[in-house]
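One letter stands for each residue in the lines below.
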Amino acid sequence: MNYIVLSNQLPEADDLPAPTYDEVKSALEIIKRSSVLRLDDDLSGSIRSYRADLNRSYPEQFVPDAAYKASMPDLQNGPSSLIKGAKTEIQHVGISNFRLPLKWQTRAGGQLVLETSVTGSVSLEASKKGINMSRIMRSFYSHSDEPFDLARIDRVLKGYLDDLESLDARLQLSFRYPLLKRSLRSNLDGFQYYDVAVEVIRHGPESTGIIHFDYVYSSTCPCSLELSEHARKSRGQIATPHSQRSVARISAVIKNGQSLWTEDLVELCVAAIPTETQVMVKREDEQAFAELNASNPIFVEDAVRLICEGLEREDRVGDFRVVASHQESLHSHDAVSILTSGPTFQQVSYDHRMFASLYHIG
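A brief report on the enclosed structure follows. Predicted model, so just to flag it, every value in this text is computed and none were measured. (Residues numbered from 1 in each chain as written. Predicted model: local features only at pLDDT ≥ 70, side-chain atom pairs only at ≥ 80, totals over all residues. Heavy atoms only, no water.)

### With respect to a negative patch on the surface
There is a patch of like negative charges on the surface, built from Glu 89, Glu 125, Asp 163 and Glu 165. Mapping Glu 125 onto the fold places it in the loop between strand 2 (111-124) and helix 4 (134-141). A residue is classified by how much of its surface remains accessible, and Glu 125, at 44% relative accessible area, is partly exposed. (Patch = residues over 30% accessible without salt bridge, like charges linked within 9 Å, V, L, I, M, F, W, Y side chains within 5 Å. Areas by Shrake-Rupley, 256 points an atom, 1.4 Å probe, with all protein chains shown as cover. Salt bridge = Lys/Arg side-chain N within 4 Å of Asp/Glu carboxyl O. Lys, Arg positive; Asp, Glu negative; His and termini not counted. Charge placed at Lys NZ, Arg CZ, Asp CG, Glu CD. Helix = DSSP H or I, 4+ residues; strand = E, 2+ residues; numbered from the N terminus. Buried < 20%, exposed > 50% of the residue type's maximum accessible area, 1.4 Å probe, protein only.)

### Topic: the state of the cysteines
Applying the stated rule across the entire model yields 0 disulfides. No disulfide involves Cys 221; its nearest neighbouring cysteine sulfur is the one of Cys 223, lying 5.2 Å away. On the basis of relative accessibility, which here comes to 41%, the residue Cys 223 falls in the partly exposed class. (Disulfide = S-S within 2.5 Å.)

### Considerations on the pairing of strand 2
As paired strands, strand 1 (residues 90-105) and strand 2 are joined by 12 bridges and run antiparallel to one another. Bridging from a neighbouring strand, Val 93 pairs with Val 122 of strand 2. Bridge count between strand 2 and strand 3 (residues 168-182): 6 bridges; the pairing is antiparallel. Following the sheet pairing, Thr 119 is matched in strand 3 by Gln 172. (Pairing = 2+ DSSP bridges.)

### Details of the nonpolar core
Soluble, globular proteins show a tendency: their nonpolar side chains are buried together. Core analysis: the biggest nonpolar cluster contains 57 residues, and Trp 104, Phe 140, Leu 171, Leu 173, Phe 213, Ile 307 and Leu 311 have the highest contact counts within it. Beyond its immediate sequence surroundings of up to four residues, Phe 140 is in contact with Phe 98, Leu 100, Leu 102, Val 118, Phe 148, Val 156, Leu 171 and Leu 173. Counting residues in hydrophobic clusters, the runner-up holds 5 residues, among them Val 216, Val 323, Met 354 and Leu 358. (Core = buried A, V, L, I, M, F, W, Y, C linked by side-chain atoms within 4.5 Å. Contact = heavy atoms within 4.5 Å.)

### A word on the pattern of salt bridges
Applying the stated criterion across every chain yields a total of 15 salt bridges. The closest approach of N and O atoms between Arg 202 and Asp 154, which form a salt bridge, is 3.0 Å. In this pair, Arg 202 is assigned in strand 4 (residues 189-203) and Asp 154 in helix 5 (residues 150-163), connecting sequence segments 48 residues apart. Judged by its relative accessible area of 10%, Arg 202 falls in the buried class. For Asp 154, a relative accessible area of 18% corresponds to the buried category. The residue Asp 195 makes a salt bridge to Arg 176 at a minimum N-O spacing of 2.8 Å. Taken together, the residues Asp 195 in strand 4 and Arg 176 in strand 3 connect sequence positions 19 residues apart. Judged by its relative accessible area of 46%, Arg 176 falls in the partly exposed class. Within this structure, Arg 107, Asp 264, Glu 267, Glu 314 and Arg 316 form a network of salt bridges that share partners.

### Considering a nonpolar patch on the surface
Together, Phe 62, Tyr 68 and Met 72 give the surface a local cluster of nonpolar side chains, amounting to about 310 Å² of exposed area. With respect to the helices, strands and loops of the structure, Tyr 68 is situated in helix 3 (residues 66-71). A relative accessible area of 40% means that Tyr 68 is categorised as partly exposed.

This is the structure we're talking about:
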(Lines give C-alpha, C1' and ligand atoms only; values in the text may rest on other atoms or scores of the structure.)
Protein backbone atom coordinates (compact mmCIF):
# COMPACT_ATOMS: atom_id res chain seq x y z
CA MET A 1 0.00 0.00 0.00
CA ASN A 2 1.22 3.56 -0.78
CA TYR A 3 0.84 5.71 2.35
CA ILE A 4 -0.36 9.27 2.02
CA VAL A 5 1.47 11.66 4.29
CA LEU A 6 0.04 15.17 4.42
CA SER A 7 2.18 18.14 5.41
CA ASN A 8 1.61 19.82 8.76
CA GLN A 9 2.22 23.20 7.07
CA LEU A 10 -1.06 23.83 5.22
CA PRO A 11 -1.65 27.20 3.52
CA GLU A 12 -4.10 29.55 5.12
CA ALA A 13 -7.67 28.88 4.04
CA ASP A 14 -8.01 32.38 2.60
CA ASP A 15 -5.20 31.63 0.13
CA LEU A 16 -6.97 28.60 -1.35
CA PRO A 17 -9.50 28.72 -4.19
CA ALA A 18 -12.99 27.38 -3.42
CA PRO A 19 -13.02 23.58 -3.96
CA THR A 20 -15.07 22.13 -6.76
CA TYR A 21 -17.85 19.62 -6.16
CA ASP A 22 -15.66 16.76 -7.40
CA GLU A 23 -12.84 17.82 -5.08
CA VAL A 24 -15.15 17.82 -2.07
CA LYS A 25 -16.53 14.42 -3.05
CA SER A 26 -13.02 13.00 -3.41
CA ALA A 27 -11.97 14.44 -0.07
CA LEU A 28 -14.95 12.82 1.65
CA GLU A 29 -14.06 9.46 0.12
CA ILE A 30 -10.54 9.79 1.51
CA ILE A 31 -11.93 10.61 4.94
CA LYS A 32 -14.19 7.55 4.85
CA ARG A 33 -11.15 5.41 4.14
CA SER A 34 -9.04 7.14 6.77
CA SER A 35 -8.57 3.90 8.73
CA VAL A 36 -6.27 2.66 5.98
CA LEU A 37 -4.29 5.91 5.69
CA ARG A 38 -1.42 7.19 7.81
CA LEU A 39 -2.33 10.76 8.68
CA ASP A 40 -0.55 13.43 10.65
CA ASP A 41 -1.97 14.43 14.05
CA ASP A 42 -3.56 17.69 12.91
CA LEU A 43 -5.62 16.10 10.16
CA SER A 44 -6.52 13.13 12.39
CA GLY A 45 -8.01 15.60 14.84
CA SER A 46 -10.04 17.15 12.04
CA ILE A 47 -11.33 13.74 11.06
CA ARG A 48 -12.34 12.93 14.65
CA SER A 49 -14.21 16.24 14.71
CA TYR A 50 -15.84 15.34 11.39
CA ARG A 51 -16.94 11.94 12.72
CA ALA A 52 -18.34 13.53 15.85
CA ASP A 53 -20.79 15.43 13.66
CA LEU A 54 -22.24 12.20 12.21
CA ASN A 55 -25.82 11.25 13.06
CA ARG A 56 -25.73 8.68 15.89
CA SER A 57 -29.43 7.79 15.86
CA TYR A 58 -30.69 4.88 13.74
CA PRO A 59 -32.75 6.37 10.87
CA GLU A 60 -35.86 4.17 11.05
CA GLN A 61 -37.68 6.08 8.30
CA PHE A 62 -34.87 5.93 5.76
CA VAL A 63 -35.76 3.91 2.64
CA PRO A 64 -32.99 3.49 0.04
CA ASP A 65 -34.10 4.07 -3.53
CA ALA A 66 -32.64 2.40 -6.61
CA ALA A 67 -30.09 5.14 -7.17
CA TYR A 68 -28.85 4.96 -3.58
CA LYS A 69 -28.50 1.17 -3.73
CA ALA A 70 -26.65 1.44 -7.01
CA SER A 71 -24.15 3.81 -5.36
CA MET A 72 -23.35 1.41 -2.49
CA PRO A 73 -19.91 -0.25 -2.58
CA ASP A 74 -19.76 -3.98 -3.36
CA LEU A 75 -16.32 -5.27 -2.44
CA GLN A 76 -17.15 -8.96 -3.04
CA ASN A 77 -17.87 -8.23 -6.69
CA GLY A 78 -14.94 -5.88 -7.03
CA PRO A 79 -12.07 -6.18 -9.52
CA SER A 80 -9.40 -8.85 -9.26
CA SER A 81 -6.97 -6.18 -8.03
CA LEU A 82 -8.77 -6.39 -4.65
CA ILE A 83 -7.99 -10.12 -4.21
CA LYS A 84 -5.82 -10.84 -1.18
CA GLY A 85 -3.39 -13.72 -1.21
CA ALA A 86 -2.91 -16.14 -4.09
CA LYS A 87 -4.98 -15.39 -7.18
CA THR A 88 -6.16 -18.97 -7.56
CA GLU A 89 -9.41 -20.86 -7.96
CA ILE A 90 -11.37 -21.76 -4.82
CA GLN A 91 -13.12 -25.12 -5.05
CA HIS A 92 -15.84 -24.34 -2.47
CA VAL A 93 -17.04 -21.07 -0.96
CA GLY A 94 -20.45 -20.50 0.57
CA ILE A 95 -22.44 -20.92 3.78
CA SER A 96 -22.79 -23.58 6.47
CA ASN A 97 -25.55 -24.29 8.99
CA PHE A 98 -28.09 -21.85 7.63
CA ARG A 99 -31.27 -23.16 9.27
CA LEU A 100 -34.93 -22.97 8.37
CA PRO A 101 -38.02 -25.23 8.54
CA LEU A 102 -38.62 -27.13 5.30
CA LYS A 103 -41.28 -29.56 4.19
CA TRP A 104 -39.95 -33.03 3.35
CA GLN A 105 -41.69 -35.72 1.35
CA THR A 106 -42.17 -39.09 3.03
CA ARG A 107 -42.18 -42.46 1.32
CA ALA A 108 -45.88 -42.85 2.08
CA GLY A 109 -46.70 -39.62 0.23
CA GLY A 110 -47.07 -37.36 3.25
CA GLN A 111 -45.03 -34.38 4.37
CA LEU A 112 -43.02 -33.51 7.49
CA VAL A 113 -41.89 -30.03 8.47
CA LEU A 114 -38.33 -30.42 9.82
CA GLU A 115 -35.68 -27.99 10.98
CA THR A 116 -33.09 -28.21 8.23
CA SER A 117 -29.46 -27.12 8.24
CA VAL A 118 -28.20 -25.96 4.85
CA THR A 119 -24.63 -26.00 3.60
CA GLY A 120 -24.23 -24.52 0.15
CA SER A 121 -21.15 -23.66 -1.87
CA VAL A 122 -19.95 -22.83 -5.36
CA SER A 123 -16.58 -22.78 -7.04
CA LEU A 124 -14.90 -19.40 -7.49
CA GLU A 125 -12.73 -18.50 -10.46
CA ALA A 126 -9.23 -17.21 -9.84
CA SER A 127 -10.14 -13.81 -11.30
CA LYS A 128 -13.14 -13.21 -9.01
CA LYS A 129 -12.92 -11.58 -5.58
CA GLY A 130 -15.91 -13.34 -3.96
CA ILE A 131 -19.58 -14.29 -4.13
CA ASN A 132 -22.85 -12.86 -2.86
CA MET A 133 -23.65 -15.48 -0.21
CA SER A 134 -27.10 -14.11 0.60
CA ARG A 135 -28.31 -15.37 -2.78
CA ILE A 136 -27.95 -18.94 -1.53
CA MET A 137 -30.21 -18.22 1.44
CA ARG A 138 -32.73 -16.24 -0.62
CA SER A 139 -33.07 -19.10 -3.07
CA PHE A 140 -34.38 -21.33 -0.24
CA TYR A 141 -36.99 -18.90 0.95
CA SER A 142 -38.44 -18.73 -2.55
CA HIS A 143 -39.08 -22.51 -2.30
CA SER A 144 -39.83 -22.79 1.43
CA ASP A 145 -43.53 -23.60 0.93
CA GLU A 146 -42.79 -26.49 -1.45
CA PRO A 147 -42.03 -30.09 -0.40
CA PHE A 148 -38.36 -31.01 -0.73
CA ASP A 149 -36.77 -34.04 -2.32
CA LEU A 150 -33.73 -34.60 -4.54
CA ALA A 151 -35.37 -33.06 -7.59
CA ARG A 152 -36.34 -29.90 -5.68
CA ILE A 153 -32.83 -29.52 -4.25
CA ASP A 154 -31.38 -29.86 -7.75
CA ARG A 155 -33.66 -27.07 -9.03
CA VAL A 156 -32.64 -24.78 -6.16
CA LEU A 157 -28.99 -25.61 -6.80
CA LYS A 158 -29.21 -24.85 -10.51
CA GLY A 159 -30.92 -21.54 -9.74
CA TYR A 160 -28.24 -20.15 -7.49
CA LEU A 161 -25.47 -21.65 -9.62
CA ASP A 162 -26.83 -19.55 -12.51
CA ASP A 163 -27.25 -16.49 -10.26
CA LEU A 164 -23.65 -16.67 -9.10
CA GLU A 165 -22.33 -17.51 -12.58
CA SER A 166 -20.37 -20.50 -11.33
CA LEU A 167 -19.58 -23.85 -12.93
CA ASP A 168 -19.64 -26.09 -9.85
CA ALA A 169 -22.10 -25.98 -6.96
CA ARG A 170 -23.07 -28.15 -4.01
CA LEU A 171 -25.95 -28.27 -1.55
CA GLN A 172 -26.24 -30.43 1.55
CA LEU A 173 -29.41 -30.38 3.65
CA SER A 174 -29.25 -32.04 7.08
CA PHE A 175 -32.16 -32.90 9.37
CA ARG A 176 -33.37 -35.38 11.99
CA TYR A 177 -36.07 -37.62 10.56
CA PRO A 178 -38.61 -39.12 13.02
CA LEU A 179 -40.06 -42.59 12.54
CA LEU A 180 -42.47 -44.35 14.88
CA LYS A 181 -40.92 -47.65 15.99
CA ARG A 182 -42.57 -50.46 17.99
CA SER A 183 -40.92 -52.06 21.02
CA LEU A 184 -39.76 -55.68 20.77
CA ARG A 185 -42.41 -57.38 22.96
CA SER A 186 -44.54 -54.85 24.86
CA ASN A 187 -46.04 -53.35 21.66
CA LEU A 188 -45.35 -49.77 22.73
CA ASP A 189 -44.60 -47.13 20.11
CA GLY A 190 -41.96 -44.40 20.30
CA PHE A 191 -40.23 -42.04 17.90
CA GLN A 192 -36.75 -42.92 16.72
CA TYR A 193 -34.84 -39.98 15.21
CA TYR A 194 -32.41 -40.55 12.35
CA ASP A 195 -29.64 -38.16 11.31
CA VAL A 196 -29.97 -37.67 7.56
CA ALA A 197 -28.29 -35.41 5.01
CA VAL A 198 -29.31 -35.10 1.37
CA GLU A 199 -26.64 -33.73 -0.95
CA VAL A 200 -26.68 -32.65 -4.59
CA ILE A 201 -23.49 -31.81 -6.47
CA ARG A 202 -23.59 -30.02 -9.82
CA HIS A 203 -20.82 -29.73 -12.38
CA GLY A 204 -22.17 -27.83 -15.35
CA PRO A 205 -25.25 -29.71 -16.60
CA GLU A 206 -24.41 -32.90 -14.67
CA SER A 207 -25.72 -33.51 -11.16
CA THR A 208 -25.13 -36.23 -8.54
CA GLY A 209 -27.51 -36.96 -5.68
CA ILE A 210 -26.21 -38.49 -2.43
CA ILE A 211 -27.91 -39.48 0.81
CA HIS A 212 -26.01 -39.73 4.11
CA PHE A 213 -27.61 -41.70 6.93
CA ASP A 214 -26.58 -42.66 10.48
CA TYR A 215 -27.77 -45.96 11.94
CA VAL A 216 -27.32 -46.48 15.70
CA TYR A 217 -27.20 -50.04 16.98
CA SER A 218 -25.84 -52.23 19.75
CA SER A 219 -22.86 -54.44 18.99
CA THR A 220 -22.05 -57.48 21.11
CA CYS A 221 -18.48 -58.70 20.73
CA PRO A 222 -18.48 -62.30 19.39
CA CYS A 223 -15.18 -63.06 21.14
CA SER A 224 -16.45 -61.77 24.49
CA LEU A 225 -19.67 -63.77 24.07
CA GLU A 226 -17.74 -67.01 23.50
CA LEU A 227 -15.44 -66.35 26.45
CA SER A 228 -18.42 -65.67 28.71
CA GLU A 229 -20.04 -68.92 27.65
CA HIS A 230 -16.76 -70.76 28.23
CA ALA A 231 -16.56 -69.45 31.80
CA ARG A 232 -20.16 -70.48 32.48
CA LYS A 233 -19.82 -73.99 31.03
CA SER A 234 -16.31 -74.88 32.24
CA ARG A 235 -16.34 -73.27 35.70
CA GLY A 236 -19.94 -72.41 36.44
CA GLN A 237 -18.86 -68.76 36.49
CA ILE A 238 -21.37 -66.11 35.51
CA ALA A 239 -19.97 -63.70 32.96
CA THR A 240 -21.41 -61.18 30.52
CA PRO A 241 -20.10 -60.27 27.08
CA HIS A 242 -19.36 -56.62 26.42
CA SER A 243 -21.62 -54.70 24.07
CA GLN A 244 -21.78 -51.02 23.23
CA ARG A 245 -23.64 -48.35 21.35
CA SER A 246 -22.35 -48.32 17.79
CA VAL A 247 -22.89 -46.17 14.70
CA ALA A 248 -22.75 -46.89 10.99
CA ARG A 249 -22.78 -43.96 8.58
CA ILE A 250 -23.95 -44.79 5.07
CA SER A 251 -23.27 -42.46 2.14
CA ALA A 252 -24.87 -43.61 -1.09
CA VAL A 253 -25.14 -42.16 -4.58
CA ILE A 254 -28.74 -42.33 -5.77
CA LYS A 255 -29.01 -43.28 -9.41
CA ASN A 256 -30.54 -40.65 -11.71
CA GLY A 257 -34.31 -40.60 -11.70
CA GLN A 258 -34.54 -42.80 -8.59
CA SER A 259 -35.78 -42.04 -5.08
CA LEU A 260 -34.18 -43.61 -2.03
CA TRP A 261 -36.10 -42.79 1.14
CA THR A 262 -34.97 -42.64 4.73
CA GLU A 263 -37.45 -45.44 5.42
CA ASP A 264 -35.68 -47.60 2.81
CA LEU A 265 -32.32 -47.16 4.53
CA VAL A 266 -33.78 -47.90 7.96
CA GLU A 267 -35.21 -51.17 6.66
CA LEU A 268 -31.96 -52.06 4.89
CA CYS A 269 -29.90 -51.48 8.05
CA VAL A 270 -32.30 -53.33 10.36
CA ALA A 271 -32.23 -56.31 7.99
CA ALA A 272 -28.40 -56.25 8.03
CA ILE A 273 -27.96 -55.52 11.76
CA PRO A 274 -31.19 -56.18 13.75
CA THR A 275 -29.89 -54.78 17.06
CA GLU A 276 -31.02 -51.19 16.57
CA THR A 277 -31.15 -49.22 19.82
CA GLN A 278 -34.64 -49.09 21.32
CA VAL A 279 -37.00 -46.23 22.19
CA MET A 280 -39.67 -47.78 24.44
CA VAL A 281 -38.46 -50.51 26.82
CA LYS A 282 -40.23 -52.56 29.50
CA ARG A 283 -38.75 -55.61 31.25
CA GLU A 284 -39.87 -57.98 28.53
CA ASP A 285 -38.30 -55.71 25.91
CA GLU A 286 -35.00 -55.55 27.76
CA GLN A 287 -34.87 -59.33 27.95
CA ALA A 288 -35.72 -59.54 24.25
CA PHE A 289 -32.93 -57.10 23.42
CA ALA A 290 -30.43 -59.22 25.37
CA GLU A 291 -31.55 -62.26 23.40
CA LEU A 292 -31.38 -60.33 20.12
CA ASN A 293 -27.81 -59.19 20.84
CA ALA A 294 -26.74 -62.72 21.75
CA SER A 295 -28.23 -63.97 18.47
CA ASN A 296 -26.37 -61.32 16.44
CA PRO A 297 -22.83 -60.84 17.82
CA ILE A 298 -20.87 -58.60 15.49
CA PHE A 299 -17.37 -57.23 14.95
CA VAL A 300 -16.92 -53.82 13.30
CA GLU A 301 -15.64 -55.60 10.18
CA ASP A 302 -18.88 -57.61 10.06
CA ALA A 303 -20.95 -54.43 10.35
CA VAL A 304 -19.61 -52.71 7.22
CA ARG A 305 -19.75 -55.95 5.19
CA LEU A 306 -23.33 -56.74 6.19
CA ILE A 307 -24.50 -53.24 5.22
CA CYS A 308 -22.42 -53.45 2.04
CA GLU A 309 -24.26 -56.65 1.13
CA GLY A 310 -27.59 -54.88 1.51
CA LEU A 311 -26.50 -51.86 -0.54
CA GLU A 312 -25.18 -54.08 -3.35
CA ARG A 313 -28.64 -55.64 -3.65
CA GLU A 314 -30.30 -52.20 -3.88
CA ASP A 315 -30.80 -51.28 -7.56
CA ARG A 316 -31.28 -47.57 -6.81
CA VAL A 317 -27.80 -47.21 -5.25
CA GLY A 318 -24.61 -46.50 -7.17
CA ASP A 319 -21.30 -45.82 -5.40
CA PHE A 320 -21.36 -45.95 -1.62
CA ARG A 321 -19.33 -45.74 1.57
CA VAL A 322 -19.97 -47.34 4.96
CA VAL A 323 -18.15 -46.07 8.05
CA ALA A 324 -18.69 -47.93 11.34
CA SER A 325 -17.62 -47.13 14.89
CA HIS A 326 -18.02 -49.55 17.82
CA GLN A 327 -17.55 -47.37 20.89
CA GLU A 328 -16.06 -50.01 23.11
CA SER A 329 -17.07 -50.69 26.71
CA LEU A 330 -14.04 -53.02 27.04
CA HIS A 331 -11.37 -50.69 25.66
CA SER A 332 -10.58 -47.03 26.16
CA HIS A 333 -10.66 -46.62 22.40
CA ASP A 334 -13.10 -47.37 19.59
CA ALA A 335 -13.06 -50.04 16.91
CA VAL A 336 -13.62 -48.51 13.45
CA SER A 337 -13.90 -49.58 9.84
CA ILE A 338 -14.43 -47.98 6.40
CA LEU A 339 -15.65 -49.76 3.27
CA THR A 340 -16.15 -48.02 -0.09
CA SER A 341 -17.53 -49.09 -3.45
CA GLY A 342 -16.92 -47.06 -6.60
CA PRO A 343 -14.79 -43.95 -7.22
CA THR A 344 -17.07 -41.32 -5.61
CA PHE A 345 -15.94 -41.94 -2.02
CA GLN A 346 -12.43 -43.26 -2.59
CA GLN A 347 -9.82 -41.05 -0.94
CA VAL A 348 -6.33 -41.39 0.45
CA SER A 349 -6.84 -39.17 3.50
CA TYR A 350 -9.83 -38.76 5.79
CA ASP A 351 -10.80 -35.86 8.01
CA HIS A 352 -9.19 -36.57 11.38
CA ARG A 353 -12.52 -35.80 13.07
CA MET A 354 -14.53 -38.27 10.99
CA PHE A 355 -14.86 -40.92 13.67
CA ALA A 356 -15.40 -38.36 16.44
CA SER A 357 -18.45 -37.13 14.50
CA LEU A 358 -20.03 -40.58 14.86
CA TYR A 359 -20.77 -40.17 18.56
CA HIS A 360 -24.51 -39.96 19.19
CA ILE A 361 -25.38 -38.38 22.50
CA GLY A 362 -28.54 -39.85 23.98
